[in-house]
There are 2 protein chains.
Amino acid sequence: MTEIKVTKELKGVNLPKTKLGLTKMNVLVRSAEKLFSKKGFYDTSIADICKRARTAVGTFYIYFENKVALYRYLVEQYRLEIHSVLAAATASCETRIQKEREGIRAFIDYAAKKPNVYDIIWGSLSVDKQIFIDYYVSFAESYRRGLTREGDAIKTNDCLTLAYALMGITNFVGLRAIFEEMTPDQIDTMVDECVMKLLRSGAFVDE
Amino acid sequence: MTEIKVTKELKGVNLPKTKLGLTKMNVLVRSAEKLFSKKGFYDTSIADICKRARTAVGTFYIYFENKVALYRYLVEQYRLEIHSVLAAATASCETRIQKEREGIRAFIDYAAKKPNVYDIIWGSLSVDKQIFIDYYVSFAESYRRGLTREGDAIKTNDCLTLAYALMGITNFVGLRAIFEEMTPDQIDTMVDECVMKLLRSGAFVDE
């Protein structure tokens, strides 16, 4: 993920101006990411992060005010990476329903390869709740804009709630895939036989 | 939540045999719950929990092997409480679609009153991932059983995936309600104009 370049201003983060600076910063972030996954955020110290990255502690503070600021940067990198994975997966889709199908499929593949995506993003709730809120508000708003552009292909006027509902479906169906260590074929069947049916024609017969 | 009685055997938890024991145990759990919300799991010590509960540290170890065991008990209490809230809200519903509507509505109300439900349950990812997995696997399985009983009222054969999708919708639409501090009327509109439409007839026109 080293190549994901954050340009957004983030509290407590000083974005480097040189390529060398960016490399040094990302070595620290990758080191932190591994340690957070292994030992958790609270049991990982700045000294641990620097030791693993073979970097002087002073270098850490050039880029980050504290550990929470690094976490904020890490979540922003995940956000950008997920956006780019979804954009690539849906680029050649012609209809909205195809876009949803390929987007859901790509997210589940991503999460299956990188299951700590849940730990990092949902774990932000216990690090700094605002990181969690900013992540989902921003993701939902960008999803909403995409849905709104589709016009009549969408059955509801409330595209923001639909965006949250779709994020929920994708995240939770992704959990099932990870819990059960599903094969790609099993994931395809689950997406086509259940999720896409739900998105096309609903789940319940209206009595 | 003191009255929620856990009967399931949980690793590292010794369930008390007397009513007085149960009261003492729950005083500790409520104390821990408040401290976890305020300071987070890792910055709360067993000594802090006992001090706030005005209980000797030795008493803690009668019921719990360690802090993670107490967390496991707390998540189980949430699971039972949420089940009982949903059961009460849907008891008089005659159709499956009514049940879903009242269940979603009740969960959002619950989460709006008790937004730390997300911190506790999703936060378990960083405390002990197995707690998180057990919670959702058990919830999904019980949801699946309910859906399967409905027979033809369900449009898919894959009721387990549908259970995950429905949990995802409910949790994420609940996040929107909390982020925007929605009024009960706004929540009703969101559920009826978007979520229920999705469950009845899907979200996308199939091109």
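Residue positions are given per chain, counting from 1 as you read along its sequence in written order. Key to labels: chains lettered from A, ligands numbered from 1, both in the order written. In keeping with the predicted nature of the model, local features appear solely for residues at pLDDT of at least 70, side-chain atom pairs appear and are counted solely at 80 or more, and the whole-chain, interface and lining totals rest on all residues. Working from all heavy atoms in the structure, the side-chain values ignore hydrogens and water.

Trainee: Looking at this structure, how should I read the overall build of chain A?
Mentor: The helix and strand labels rest on DSSP assignments: H or I over at least four residues marks a helix, E over at least two residues marks a strand, and numbering proceeds from the N terminus. Across its full length, chain A carries nine helices and zero strands. Reading chain A from its N terminus to its C terminus gives the helix and strand order α-α-α-α-α-α-α-α-α. Any residue under 20% of the maximum accessible area for its type is buried, any over 50% is exposed, and the rest in between are partly exposed; the area is computed with a 1.4 Å probe on protein chains only. Counting the 207 residues in chain A, one finds 56% classified as buried. In chain A, the proportion of contacts linking residues at least 24 apart, taken out of those at least 6 apart, comes to 66%. Contact criterion: two residues are considered in contact whenever any of their non-hydrogen atoms come within 4.5 Å of each other.

Trainee: Even after reading the chapter, I still don't get the interface of chain A and chain B, so can you show me in this structure?
Mentor: Where the parts come together, the accessible area they lose is often given as the size of the interface. The interface of chain A with chain B comprises 54 residues on the first partner and 54 residues on the second. Two parts lose some accessible area (1.4 Å probe) when they are put together, and adding that loss for both gives the buried area. Between chain A and chain B lies a buried interface of about 5100 Å² when both sides are counted; carbon and sulfur atoms form 71% of it. Among the residues of chain A in contact with chain B, F172(A), F179(A) and F204(A) are the three that bury the most area, contributing 16% of the side total. Whenever Lys or Arg places a side-chain nitrogen within 4 Å of a carboxyl oxygen from Asp or Glu, that contact is recorded as a salt bridge. The interface formed by chain A and chain B holds four salt bridges in total. With its nearest N and O atoms 3.4 Å apart, the salt bridge here joins D158(B) to R176(A). Think of a polar contact as two N or O atoms within 3.5 Å of one another; within protein, one of them needs to be a possible hydrogen donor and the other a possible acceptor, and neighboring residues in sequence only count if both atoms come from side chains. Applying the counting criterion to the chain A and chain B interface returns 18 residue pairs in polar contact (both at pLDDT 80 or more). Listing elements by their share of the side of chain A that touches chain B, those giving two or more residues are α5 (96-113), α6 (116-127), α7 (129-149), α8 (159-179) and α9 (184-201) of chain A. Looking at the side of chain A that touches chain B element by element, the count peaks at 15 residues for α8(A). Throughout, the ten residues Ala, Val, Leu, Ile, Met, Phe, Trp, Tyr, Cys and Pro are labelled nonpolar, Asp, Glu, Lys and Arg are labelled charged, and all others, Gly among them, are labelled polar. Along the lines of polarity and charge, the residues of the side of chain A that touches chain B split into 31 nonpolar, eight polar and 15 charged.

Trainee: For this particular structure, what's the right way to read the pattern of salt bridges?
Mentor: Under the defined criterion, the tally for this structure stands at 40 salt bridges over all chains. The salt bridge involving D188(A) is made with R101(A); its shortest N-O contact spans 3.1 Å. Taken together, the positions of D188(A) in helix α9 and R101(A) in helix α5 put the pair 87 residues apart, joining distant regions of the chain. On the basis of relative accessible area, R101(A) is assigned to the buried category, the value being 15%. Residue K99(B) is joined to E150(B) by a salt bridge in which the shortest nitrogen-to-oxygen separation is 3.1 Å. Residue K99(B) is located in helix α5 (residues 96-113), and its partner E150(B) is located in the loop between α7 (129-149) and α8 (159-179); the two are separated by 51 residues in the primary sequence.

Trainee: Teacher, can you tell me more about the relation of the copies chain A and chain B here?
Mentor: One copy of the chain maps onto the second through a rotation around an axis plus a translation along that axis. Here chain A sits on chain B after a turn of 180 degrees about the axis and a move of 0.0 Å along it, with an RMSD of 0.0 Å. Taken together, the rotation angle and the small translation identify this as a two-fold axis. Comparing contact sets, 100% of the residues at the interface of chain A also lie at the interface in chain B, consistent with an isologous, same-surface contact. Copies are brought into register by a least-squares superposition over C-alpha atoms of residues with pLDDT of at least 70 in both.

The quantities given are spatial measurements derived from coordinates; they are silent on function.
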